[in-house]
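Below, each chain spelled out in residue letters.
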Amino acid sequence: MVKFNDTEKKIIDSPYFQRLRRIKQLGLAHLVFPGAMHTRFSHSIGTFAIAQKVASVLSLNKEEEKNLRMAALLHDIGHFPLSHTIEEVYSNLITELILKVQKKKLKNGNQTDENPMQIPILPKGVNLHEEIGSQIIKNTELSGILQKEGFNPTEISLIITGQHPDIKFNQLMHSDLDIDQMDYLIRDAKNAGITYSTCDIEYLISNMRADSDIIFFDLKALRALEHYFLAHYFYFTQILFHKTRSVIEYCARKVYRTAIEDEINIFNEPIPTIHTLSQYVLTKNYYYFDDNYFEVLLREISSEKIQKYKQVISYRKIPALYYEKLVLNDSSSDDNSRPKEDEIIIIEEKKILDDLKKIRMRNACPDSRLVYEDSKAVRLLIPNKYDYEPKVILLCQFQDTVLQRLLDFKFKILRRYRFRD
Amino acid sequence: MPEDKIDITHILALILNRIGIDDFNKIKDDISYRKIIQKSIYILQLKEFDFNLGYRYNLYLAGPYSPDLSEDYYNIVENSSYYNNFVNHLKFDEKTEAALDRFNQIFSGNYALVECFATIHFLKTYSFSYCADYIKSEEVMKYFFKIKPQYKDQPEIVDQATALFDSIQS
């Protein structure tokens, strides 16, 4: 059972947190996995519960535990309708604008910058919801609740964005095996019914250790760690990259993007753009920026060009998959052809061990305490019998693992769909 | 090269070439190269140099670090011969080249200064932003020497880096 103190209850009761009840963790995956109806709300509570356990195992002091719990509770407060589906629309728009502005700097004929485009102060990448969350924590009523109860809202937001000076927090919230992942891996697998993408999280937590700034695992947890990374791989390939889910999510992003381009109104307010988003989240309209918002948008948008995409979501009229190719480790097989009018091309890829592979490309550090920039990589404590001084090394440097054999493995799949008449 | 084939990695490769990272193969062999790339791109994203590439930085053991940037420069390493060739065929415009020249002039290939300035700037702007102003500087420098103890014996570099904080537009 999860227990909350009075402050945590006030945060949970706030409209910003209650909004998370109306955002499904896996977006539109329930159209494929009917059980995937769980929400960001339950995931946030679950992450909080794991943070409690981790704080106890690592013997964090009262202040550290208090801050970690609050950051875990609030880490997804800035999430978008349909979770990462809509977040990706905004991220892509920002990335495209950044690229457009930077390309203008290339020496190219008579280009001038009479109307320089302003890039909104938001980063590219999938962490957009963290930046939004940070703004909500610092600039809304949540800030007042936190300050009244002795928290520093800026400090909580720094833990969420991985910028806190206590690097332990950054590793616990932003690493290859952080507390967020520990919850969503199990929760999503259970609700989607994919039992082989679960692992023994309790055992992993019980073997976590901390030594000043570094979080690592006892050597006993080695096989559980291997299992974790393999489970994570299956989570991506079986749930996130499911052939039907992929195309449904693609269509949802297409519809939403068209809505932004057409500047439609939802609830009599213009849909937020990348330039107005950071202000929009500070208004009361944001309380209703959830999955229902997307449902209303589906009804409101009338543009003829996206009717077929709407029907994929509204009536489950899934485009037919007519071509699928697994292109393991072969980047030369990239299909560069443009899709025809009634076609969708989706390429999904996942390396099992993105960061571990990068580490292998480097020379091993002879030091017993490794201080690579990849502090987010998983570490193991290796007892050294001869020197009586235990060493902490990176997981990928431990030779006796299945993972070593899989460092180069990249799952990449190309799919072509065609709308049915 | 067709414009629609240029992505952010190409822009990054061009920038790295202009600031002295002229052989991309060295990125994977030398950790100091990677640290300098991380810190240099952090600085170039400041308003003074106006290269907003969208890389967000976290704080880890060796200072500010961007996982997205790491992803992109490893893509460059994996295709190093292509990018080593690409940078010879495209240039930035005069205004942008001037900004890069200014960066090179301020830091003069002094990678210690790049590292100190980027780390101190990040700590002051982000990590210790929750501290009251009157204790911020003290906390920042205490923390800085904790993660970069090698600079305790190089006060002139640290002083130079601290002085730059006021003169470079954030």
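Right above here is the structure, for reference.
(A) Seen up close, the overall build of chain B. The secondary structure content of chain B amounts to nine helices and two strands. Seen in sequence order, chain B has helices and strands lined up from the N terminus as α-α-α-β-β-α-α-α-α-α-α. In summary, chain B has a C-alpha radius of gyration of 16 Å against a globular reference of 15 Å for 170 residues, a match within 12%. With respect to the principal axes defined by its C-alpha atoms, chain B has extents near 55 × 35 × 30 Å. Counting only residues that meet the buried cut, chain B has 54% of its 170 residues in that class. Residue pairs at least 24 apart in sequence account for 69% of intrachain contacts in chain B once pairs closer than 6 positions are excluded.

(B) Region of interest: the overall build of chain A. Counting its secondary structure elements, chain A contains 18 helices and nine strands. In chain A, which comprises 421 residues, the share counted as buried stands at 58%. As displayed, chain A has an accessible area near 18500 Å², and 49% of this comes from carbon and sulfur atoms.

(C) Quick look at the packing of aromatic side chains. Residue and element names in this part refer to chain A. Scanning the model with the defined rule gives 36 aromatic pairs over all chains in all. Judged by centre distance (5.4 Å) and plane angle (70°), the rings of F17 and F41 are edge-to-face. One end of the pair, F17, is in helix α2 (residues 15–18); the other, F41, is in helix α3 (residues 40–57), and 24 residues separate them in sequence. On the basis of relative accessible area, F41 is assigned to the buried category, the value being 12%. Geometrically, the ring pair formed by Y233 and F411 is edge-to-face, given 6.2 Å between the ring centres and 80° between the ring planes. Here Y233 is found in helix α12 (residues 222–240), whereas its partner F411 is found in strand β9 (residues 410–418), with 178 residues between them in sequence.

(D) Fine view of the pairing of β9(A). Residues and elements named next belong to chain A. Of all nine residues making up β9, eight are buried, and the element is well covered by its neighbours. Of the strand pairs in this sheet, strand β5 (residues 320–326) and β9 are connected by six bridges, and their pairing is antiparallel. Paired with A320 across the bridge in β9 is R418.

(E) Structural detail: the packing of helix α15 (residues 291–300) of chain A against helix α16 (residues 307–314) of chain A. Residues and elements named next belong to chain A. Put simply, α15 and α16 touch, their axes get as near as 10 Å, and they point 135° apart. Looking at the two axes, α15 sits oblique to α16. Remark: the crossing between α15 and α16 carries left-handed chirality. Contacts from F294, L298 and R299 in α15 reach K310, I313 and S314 in α16. Of the residues contributing to the contact of α15 with α16, the split by class is three nonpolar, one polar and two charged.

(F) Representation of the environment of R415(A). Residue and element names in this part refer to chain A. Relative to the helices and strands, R415 resides in strand β9. According to the relative accessible area criterion, R415 is buried, its value standing at 6%. Each C-alpha atom, one on R415 and one on I12, is 41 Å from the other, the two residues being 403 residues apart in sequence. In this structure the side chain of R415 is engaged in a polar contact, spanning 2.7 Å, whose partner is the backbone oxygen of F241.

(G) Seen up close, helix α8 (residues 133–147) of chain B. When the terminal C-alpha atoms of α8(B) are compared, their 21 Å separation across 15 residues agrees well with the 21 Å that a helix rising 1.5 Å per residue should span. Structurally, α8(B) contributes buried residues whose contacts are with α9 (167–173) of chain A together with β1 (58–60), β2 (63–65), α7 (111–127) and α9 (155–167) of chain B.

(H) Spotlight on the nonpolar core. In this structure, L74(A), Y90(A), Y256(A) and I41(B) are the most contacted members of the largest nonpolar core, which totals 186 residues. The element contributing the most residues to this core is α12(A), with 11 residues. Setting aside chain neighbours within four positions, we find I41(B) in contact with L12(B), I15(B), L16(B), L53(B), Y55(B), Y57(B) and L69(B).

(I) Representation of the pairing of strand β2 (residues 214–218) of chain A in the model. Residues and elements named next belong to chain A. Of all five residues making up β2, five are buried, and the element is well covered by its neighbours. Sheet analysis places strand β1 (residues 208–211) next to β2, joined by four bridges and oriented antiparallel. Along β2, the bridge assignment pairs R209 with F216. Hairpin connection from β1 to β2: two residues lie between these consecutive antiparallel strands, with S212 at a positive phi of about 50°.

(J) How the structure looks around unusual backbone geometry. Despite not being glycine, N268(A) shows a phi value in the positive range, around 60°. Tracing the backbone shows N268(A) in the loop between β3 (265–266) and β4 (269–270). Look at S108(B): it is not a glycine, yet its phi comes out positive at around 45°. Secondary-structure assignment places S108(B) in the loop between α6 (94–107) and α7.

What counts as what
Residues numbered from 1 in each chain as written. Chains lettered and ligands numbered in written order. Predicted model: local features only at pLDDT ≥ 70, side-chain atom pairs only at ≥ 80, totals over all residues. Heavy atoms only, no water. Helix = DSSP H or I, 4+ residues; strand = E, 2+ residues; numbered from the N terminus. Rg over C-alpha atoms; globule rule 2.2 N^0.38 Å. Buried < 20%, exposed > 50% of the residue type's maximum accessible area, 1.4 Å probe, protein only. Contact = heavy atoms within 4.5 Å. Areas by Shrake-Rupley, 256 points an atom, 1.4 Å probe, with all protein chains shown as cover. Phe/Tyr/Trp six-rings, centres within 6.5 Å; stacked < 30°, edge-to-face > 60°. Pairing = 2+ DSSP bridges. Axes fitted to C-alpha atoms, helices over the stretch in contact; angles between N-to-C directions. Parallel < 35°, antiparallel > 145°, perpendicular 65-115°, else oblique. Left-handed = near helix turned anticlockwise from the far one by under 90°. Nonpolar A, V, L, I, M, F, W, Y, C, P; charged D, E, K, R; others polar. Polar contact = N/O pair within 3.5 Å; in protein donor to acceptor, adjacent residues only side chain to side chain. Expected span 1.5 Å × (residues − 1). Core = buried A, V, L, I, M, F, W, Y, C linked by side-chain atoms within 4.5 Å.

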